[in-house]
Amino acid sequence: MSDTIEKIKCLIIGSGPAGYTAAIYAARANMNPILYQGMQPGGQLTTTNEVENFPGYVDGVTGPEMMVQLQEQAKRFGADIRDGWATKVDFSGDIHKVWINDSIELHCETVIISTGATAKYLGLPSEQHYLNMGGGVSACAVCDGFFYRNQEVVIVGAGDSACEEAHYLSKLCKKVTMLVRSEKFRASKIMEERVRKTENIEILMNHDTVEVLGDSNVVHAIKALNKTTGETIEIPATGFFVAIGHKPNTDIFKDYITLDETGYIINTPGTSNTNVAGVFVAGDAADHVYRQAITAAGTGCMAALDAERYLASKE
Ligand SMILES: Cc1cc2nc3c(=O)[nH]c(=O)nc-3n(C[C@H](O)[C@H](O)[C@H](O)COP(=O)(O)OP(=O)(O)OC[C@H]3O[C@@H](n4cnc5c(N)ncnc54)[C@H](O)[C@@H]3O)c2cc1C
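The rules we used
Residues numbered from 1 in each chain as written. Predicted model: local features only at pLDDT ≥ 70, side-chain atom pairs only at ≥ 80, totals over all residues. Heavy atoms only, no water. Disulfide = S-S within 2.5 Å. Buried < 20%, exposed > 50% of the residue type's maximum accessible area, 1.4 Å probe, protein only. Helix = DSSP H or I, 4+ residues; strand = E, 2+ residues; numbered from the N terminus. Contact = heavy atoms within 4.5 Å. Axes fitted to C-alpha atoms, helices over the stretch in contact; angles between N-to-C directions. Parallel < 35°, antiparallel > 145°, perpendicular 65-115°, else oblique. Left-handed = near helix turned anticlockwise from the far one by under 90°. Near = heavy atom within 4 Å. Polar contact = N/O pair within 3.5 Å; in protein donor to acceptor, adjacent residues only side chain to side chain. Nonpolar A, V, L, I, M, F, W, Y, C, P; charged D, E, K, R; others polar. Lys, Arg positive; Asp, Glu negative; His and termini not counted. Salt bridge = Lys/Arg side-chain N within 4 Å of Asp/Glu carboxyl O. Pairing = 2+ DSSP bridges. Phe/Tyr/Trp six-rings, centres within 6.5 Å; stacked < 30°, edge-to-face > 60°. Expected span 1.5 Å × (residues − 1).

**Things to note about the state of the cysteines**
Then comes step 1: Inspection of every chain in the model, using the stated rule, returns one disulfide.
Then comes step 2: Across a sulfur-sulfur distance of 2.1 Å, Cys140 and Cys143 are joined as a disulfide pair. The disulfide joining Cys140 to Cys143 has a torsion of about 65 degrees about its S-S bond and is therefore right-handed.
Then comes step 3: Taking the relative accessible area as the measure of exposure, Cys143 reaches 29% and is therefore partly exposed.
Then comes step 4: Just so you know, Cys108 is unpaired, no disulfide at all, and the nearest cysteine sulfur is the one on Cys10, 8.7 Å from it.

See below:
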């Protein structure tokens, strides 16, 4: 427990596009926002080299560069950006309590949760190698599919999102091979049918990914195991898409905030309101559909405006 308690008008938890956009709006509305960056300052985009779809960057921008610019923009209006990790909350009262690093206690009139979601990967060393190199492994077809136009790619996954992404890739790529680990899709029938009917998607059921193959920089094939025959095959591909789900970073809120079965925060449609008055959500922490920087930024704006209106209603 901390000796001193800091009183805060607007606390923002998380430093991705949602958090920084909320900070820009809240700072310009004189809400004196304080933003804690968490373990990944700048959020998910700091792990990508090329962002080509955020409006305003004609020639594209690297993820880290874009996030530094968002941070500078928020600081310019007086947002207080701090290192630290929210470890516990108590949203049972009118004043929302948040603990940082298990020690600093904050009493907040409003809280904006923008803690994002983390893509799940298979965990293969070769997958992680190419992911870190930025050369051929991705968890986002909408973000990176364009880089593989007219090429052959492999996607792993069996749920609705995997089908959605495979279908998206089929419009850009020459061929999409879909690896499904078991004998069944987890996706809805309609999504499964959609991929099954798409000519340039080949589905390999009951196949495990063994290794991502390539030279030191670039992927050229995926090694997969046919679990029915025990045969190992190599599928030529320049891109490997992992679509096995995301984990929203919302565990610490679960005793107070309504989450769906995966852990995404449920907001009132068309607003950033959560089930707790004065606590708002923005970005991927509540979004299992779009998961883009621009939608995260858009909902960051909404959360700051909703927080500002909430404060005004209390005056
Ligand atoms: C490899 C990759 C490439 C991508 N490329 C693109 C692209 O080209 N274009 C595009 O539009 N989108 C892209 N995306 C998706 C985009 O990055 C996300 O949609 C976006 O970053 C979501 O923003 P966010 O602010 O909701 O959360 P995030 O960016 O995930 O940020 C979450 C923040 O919350 C912090 N946090 C988490 N828990 C806590 C806690 N307990 N206390 C304090 N802080 C906490 C983290 O440190 C982090 O700063 C890509 C994603 C990945 C992984």
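Still more ground to cover, so stick around.
**Some points on helix H5 (residues 160–170)**
Then comes step 1: Along H5, the residues classified as buried are Ala162, Cys163, Glu165, Ala166, His167, Leu169 and Ser170.
Then comes step 2: In this structure, the buried residues of H5 make contact with helix H4 (141–144), strand E9 (152–156), strand E10 (175–179), helix H6 (189–197), strand E11 (201–204) and strand E15 (239–242).

**Brief notes about the packing of H5 against H6**
Then comes step 1: Contact geometry of H5 with H6 gives a least axis separation of 9 Å together with a crossing angle of 30 degrees. The angle between H5 and H6 falls in the class roughly parallel. Pair H5 / H6 crosses with left-handed handedness. Contacts between H5 and H6 involve Asp160, Cys163, Glu164, Ala166 and His167 from the first element and Met191, Glu192, Arg194 and Val195 from the second.

**Structural notes on the site of the ligand**
Then comes step 1: With respect to spatial proximity, 32 residues lie near the ligand, and among them Ser15, Gln37, Gln40, Asp284 and Ala293 are the closest.
Then comes step 2: Within the contact set of the ligand, an oxygen atom lies 2.8 Å away from a side-chain nitrogen or oxygen of Ser15.
Then comes step 3: At 2.8 Å from an oxygen atom of the ligand is found a main-chain nitrogen or oxygen belonging to Asp284.
Then comes step 4: Looking at the shell around the ligand, the elements with two or more residues in it are helix H1 (17–28) and helix H7 (293–314).
Then comes step 5: Residues of the shell around the ligand, tallied by class, amount to 13 nonpolar, 16 polar and three charged.

**Brief notes about the side chain of Glu105**
Then comes step 1: Following the sequence through the fold, Glu105 ends up in strand E6 (residues 104–113).
Then comes step 2: Buried charge Glu105 goes without a salt bridge, the closest partner of opposite sign being Lys97 at 5.0 Å.

**Re the sheet that holds strand E13 (residues 219–226)**
Then comes step 1: The antiparallel open sheet is built from three strands, whose spatial order is E12-E13-E14. Edge positions in the sheet fall to strand E12 (207–214) and strand E14 (232–236), since each has one partner strand and no second. Recorded for the sheet is a direction-independent mean angle of 25 degrees between the axes of neighbouring strands.
Then comes step 2: For E13 and E14, the ladder comprises five bridges, and the chain directions are antiparallel. What sits directly across from Ala224, in E14, is Ile233.
Then comes step 3: Of the strands in this sheet, E12 and E13 are in contact with helix H3 (residues 125–133), which crosses E12 at around 45 degrees.

**Examining the sheet that holds E15**
Then comes step 1: Taken together, the five strands give an open sheet; going across it, the order is E8-E15-E9-E10-E11, and neighbouring strands pair in parallel fashion. Either end of the sheet is taken by a strand with one partner, and the two such strands are strand E8 (137–138) and E11.
Then comes step 2: Two strands pair when backbone bridges link them, and E9 and E15 are joined in this way by four bridges, in the parallel orientation. When the bridges of E15 are listed, Val154 appears paired with Phe240.

**Description of the packing of aromatic side chains**
Then comes step 1: Under the counting rule described, the total for this entry stands at five aromatic pairs.
Then comes step 2: Considering the side-chain rings of Phe91 and Phe253, the 6.3 Å spacing of their centres and the 10 degrees angle between planes classify their relative orientation as stacked. Here Phe253 lies in the loop between strand E16 (246–248) and strand E17 (279–281) and Phe91 lies in the loop between strand E4 (86–90) and strand E5 (96–100), a separation of 162 residues in the sequence.
Then comes step 3: Among the residues examined, Phe91 registers a relative accessible area of 4% and is labelled buried.

**Quick word on the pairing of E6**
Then comes step 1: The buried count for E6 comes to eight of ten residues, which makes it a mostly enclosed element.
Then comes step 2: Relative to E6, strand E1 (residues 5–13) runs parallel, the two being bridged by eight bridges. In the sheet register, Cys10 faces E6, and the bridge partner there is Thr110.
Then comes step 3: Pairing geometry for E5 and E6, over five bridges, is antiparallel. Residue pairing for E6: Trp99 is matched across the bridge by Glu105.

**Looking at helix H2 (residues 63–76)**
Working note: α-helix, 3.6 residues per turn, so residues spaced by three or four point in the same direction.
Then comes step 1: A rise of 1.5 Å per residue sets the reference length of H2, with its 14 residues, at 20 Å; its end C-alpha atoms lie 20 Å apart and thus fit the reference within 8%.
Then comes step 2: Check the buried side of H2 and you find it contacts H1, strand E3 (80–82) and H7.
Then comes step 3: Taking the backbone nitrogen of Glu65 as reference, a side-chain oxygen 3.2 Å away marks Thr62 as the first, capping residue of H2.
Then comes step 4: Just past H2, the residue Gly78 takes up positive phi, approximately 100 degrees.

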